[in-house]
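# Close look at the chain arrangement
These are the residues of each chain, in order.
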Amino acid sequence: MKIQVLMAGVLLCALFFWKALQDRKKDREKLKQKLGSEWGKPVRVEYSDEIWNHIASFYRGNKNETSVDEITWNDLNLSAVYGQMNHTRTSAGEMMLFYMLRTPVFHEQELKRRERLVSGIQKREQERQALEEALFEIGKTDRFSVYEYLLKIKDLKTFSQIPHLFCAGLLLAGTVLLFFLPVWYLLVYSGILLFNTFLYFYEKGKHIREISLFHFIFHLLRGCEAVSAVSFPELAEEIGTIKELAGRFRKYRRFHFLVAGGEGMSGNVFDSIMDYVRILFHVDLIKISTMTKETKKYESEILQLFEKTGELDAMLSVASYREFLGEYVVPEILDVERNPLPEKEQHRMEAQNPGGVRLHVEGLYHPLVKEPVKNSIIMDRPVLLTGSNASGKSTF
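Residues numbered from 1 in each chain as written. Predicted model: local features only at pLDDT ≥ 70, side-chain atom pairs only at ≥ 80, totals over all residues. Heavy atoms only, no water.

### Notes on the packing of helix α5 (residues 78-85) against helix α17 (residues 299-325)
What counts, and what does not: Working convention: axes come from line fits to C-alpha atoms, limited for helices to the stretch in contact. Angles between N-to-C directions cover 0 to 180 degrees. A run of H or I in DSSP becomes a helix once it reaches four residues, and a run of E becomes a strand once it reaches two; helices and strands are each numbered from the N terminus. The cut-offs work like this: below 35 degrees is roughly parallel, past 145 is roughly antiparallel, 65 to 115 is roughly perpendicular, and the gaps in between are oblique. Contacts were defined at the residue level, with two residues in contact if any of their heavy atoms lie within 4.5 Å. Under the scheme applied here, ten amino acids are nonpolar (Ala, Val, Leu, Ile, Met, Phe, Trp, Tyr, Cys and Pro), four are charged (Asp, Glu, Lys and Arg), and all others, including Gly, are polar.
For the pair α5 and α17, the least separation of the axes is 9 Å and the interaxial angle reads 95°. It follows from the interaxial angle that α5 and α17 lie roughly perpendicular. Contacts from Val81, Gln84 and Met85 in α5 reach Ser317, Tyr321 and Phe324 in α17. Among the residues making up the contact of α5 with α17, the classes are represented as four nonpolar, two polar and no charged.

### Some points on the nonpolar core
Buried together is how nonpolar side chains tend to be arranged in soluble globular proteins. Heads up, the rule is: We define the nonpolar core as a collection of buried residues of types Ala, Val, Leu, Ile, Met, Phe, Trp, Tyr and Cys that are connected through side-chain atoms lying within 4.5 Å of one another. Relative accessibility thresholds used throughout: buried, under 20% of the residue-type maximum; exposed, over 50%; partly exposed, between the two (1.4 Å probe, protein chains only).
One finds Leu150, Tyr252 and Phe306 to be the most contacted residues of the largest nonpolar core, which totals 72 residues. When near neighbours in sequence (up to four residues on either side) are disregarded, Tyr252 contacts Phe214, Ile217, Phe218, Leu221, Lys287, Met291, Glu294, Thr295 and Tyr298.

### A closer look at the packing of helix α12 (residues 208-228) against helix α13 (residues 236-246)
This is how it is decided: Two helices crossing with the near one rotated counterclockwise from the far one by less than a right angle form a left-handed crossing, whereas a clockwise rotation gives a right-handed crossing.
As a packed pair, α12 and α13 sit with axes 9 Å apart at the nearest point and diverge in direction by 135°. The angle between α12 and α13 places the two elements in the oblique class. Where α12 crosses over α13, the handedness of that crossing is left-handed. Between α12 and α13, the residues in contact are Cys224, Val227 and Ser228 and Ile239, Ile242, Lys243 and Ala246, respectively. In terms of residue class, the contact of α12 with α13 is made up of five nonpolar, one polar and one charged.

In structure tokens form, the structure reads like this:
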């Protein structure tokens, strides 16, 4: 009889793991289809005031003298441009994309590096999909600003794990005694289940933001591990940095599944069962209560991973936006020393424009205008642009 029970248990476990593997395979196929159908399209439809506040949090903490001012941003309706462009898969990507639009850079080397990333993503579809899958693993958190909470890691406070250890021990003892005591003990055991469930949600409600932060950190680390496994020649340097940083968290990530479950798609049997395990045994609260001190040690590395993955996600978004636009041009940066002007023109420019900046654009138009009138201009000094009201001066 005992052997039969044991064999039934082994068979049940085998069926469970087989079902979990099948679910994982189906989830991956669904994700691939989803990513393929959404390429070249914005992926966020709705922007509440709260979401805008979260998206802008990284920019608020890092803006500088080159940042686009609020009036210009609103006049050009750049929030709508951002919404049209936003193909990001992570909260970090949304924030970094917003920051890049609000804070343009003027360094040739940095602009060429970004172009290397974007053009590499454009021409390697298979690698791009693998990278998107890895970033999707990290996901988005709309309930709070991940960046602002990462900045508060140093202020995290530990909470006692004793009540949760008591609940886990009580349920384990109750499960063992259930096989040896009369039927009425079922009432006592049901009481233990109800008590553990009530205390779990009560304590989780008190620490919901901290728990959500740890969830994000674990998904970030798991996603970075997936990013590190992607072979992408044009992104090798950036992925190498992420791999090196993520490698420092191997010990930290032990038993991470106790805290963070799910991979962005629903229906996974293992994750569903683990949800019940967390509720009844409080394993996620016990794990988190022991991790606060360790997390503070890695504050700098976590922030770096946040920015590095956010940058790759933003570059993916730019590549997707190019697909959406259909026509675009990559600006060409010319150094005056390597591409000198005619001598007469050079003297005039030095007299009128000591900074030596010259801008030459052809067929320029605002991306939100459906049937645009394209304009061209050459500027090497301030220009007074005139015209009647509503003729397109601000847009140009």
